[in-house]
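# A look at the structure
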Amino acid sequence: MTGADFDVRQDQPISARALHRERLKISQNAAAGIAHELRNPVFAIASAAQLLRYRITDDPVIEKNIGRILREAERLNGLIEALLEYGRPAPIQMAHADPDDVWTEILASHRGVLESKALLVRRTTADPRATCNIDVEQLGQAFSNILANAIDAAPEASDLTILSSRTADGGWQAELHNDGPTIVAELLPHAFEPLVTTKLGHAGIGLAIVHRIVSEHGGAAALVSSEGAGTTLTVTLPAARLS
């Protein structure tokens, strides 16, 4: 069985946490810099294509290719927005809450796409329930990205399982499993890095954002994928420090 993981829990040595934060900052700055460099040229290309569309209206070949240019410009704009979302995130706002409640909201918001693929979610919440110090909105974004990846990978009419539990130290852990294709061994160690993807038309930012958000919560994530056993992504968050 192969896997990729990152762990930035607060019990790590200060030097390890500082090194991780420095690497994350370098990655975020690079993503934001690429996005800013791309934004103006993509806007100029789209604007020029729109101008040509208005000037030339009687040539179907030109019209077809202008449409292609505009679609690709739109796709690049989506990539730019994703890079900026990763590189220049909103400040995190922590409060005591139950991560399983966040999962409940995310599953409800994805009900339509789950039903469209006839996917059944089998879920177990932590018992007893956990309280963590979290940013509900940003953690919801991380869970949404994780779920979207699982939905995309899962075979139609299969099951997704989400198993939450309390950790030995009072924290919270959730495993999301799908029976989709195995992630290739060469890609798996880089799965949480930006711009890493095997899917055409995807920016490869989703799991990088998961990495950033879970990291900022002092948590850990691991991705394991093996032939015949599907793929499991695990998120662990520390317990809230109650005063």
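Refer to the structure above for everything that follows.
As a starting point, this report considers the structure included with it. As a convention, each chain's residues are numbered from 1 in the sequence order in which they are written. Note on the predicted model: pLDDT of at least 70 is required for a residue's local features to be given, and 80 or more for side-chain atom pairs to be given and counted; whole-chain, interface and lining totals, by contrast, use all residues. Side-chain figures throughout are based on the complete set of non-hydrogen atoms in the structure, without hydrogens or water.

## Some details on the packing of aromatic side chains
Rules: The pairing test for Phe, Tyr and Trp rings, Trp by its six-membered ring, is centres within 6.5 Å, and the orientation test on the planes gives stacked under 30 degrees, edge-to-face over 60, and tilted for anything in between. Each helix is a run of DSSP H or I of at least 4 residues and each strand a run of E of at least 2, with the numbering of both proceeding from the N terminus. Here the term buried applies to any residue with accessible area under 20% of the maximum for its type, exposed to any over 50%, and partly exposed to those in between, with areas from a 1.4 Å probe on protein chains only.
For the structure shown, the criterion picks out 2 aromatic pairs. With a centroid separation of 4.7 Å and an interplanar angle of 5°, the aromatic rings of Trp103 and Phe143 are classed as stacked. On the criterion of sequence distance, the pair formed by Trp103 in helix α3 (residues 99-109) and Phe143 in helix α5 (residues 136-153) is long-range, its members being 40 residues apart. A relative accessible area of 2% places Trp103 in the buried class. Both rings, one in Phe143 and one in Trp172, keep their centres 5.8 Å apart while their planes meet at 35°; by these two values the pair is tilted. Of this pair, Phe143 sits in helix α5 while Trp172 is found in strand β6 (residues 172-178), placing the two residues 29 residues apart along the sequence. Accessibility expressed as a relative area gives 0% for Trp172, which makes it buried. Among the aromatic residues, those joined into a ring-pair cluster are Trp103, Phe143 and Trp172.

## Side note on α3
Under the convention used in this document: Note that the arc is computed from the directions linking the helix axis to the C-beta atoms. Any pair of N or O atoms that falls within 3.5 Å is considered a polar contact. Within protein, one atom must be able to donate a hydrogen and the other to accept it, and sequence-neighbouring residues count only if both atoms are side-chain atoms.
Pro99, Asp100, Val102, Trp103, Ile106 and Leu107 are the residues of α3 that are buried. Buried residues in α3, looked at end-on, bunch into an arc of 150°, giving them a common side. Looking at α3, the residues exposed on the side facing more than 90 degrees away from the buried face are Glu105 and Ser109. Its side-chain oxygen placed 2.9 Å from the backbone nitrogen of Asp100, Asp98 serves as the N-cap of α3.

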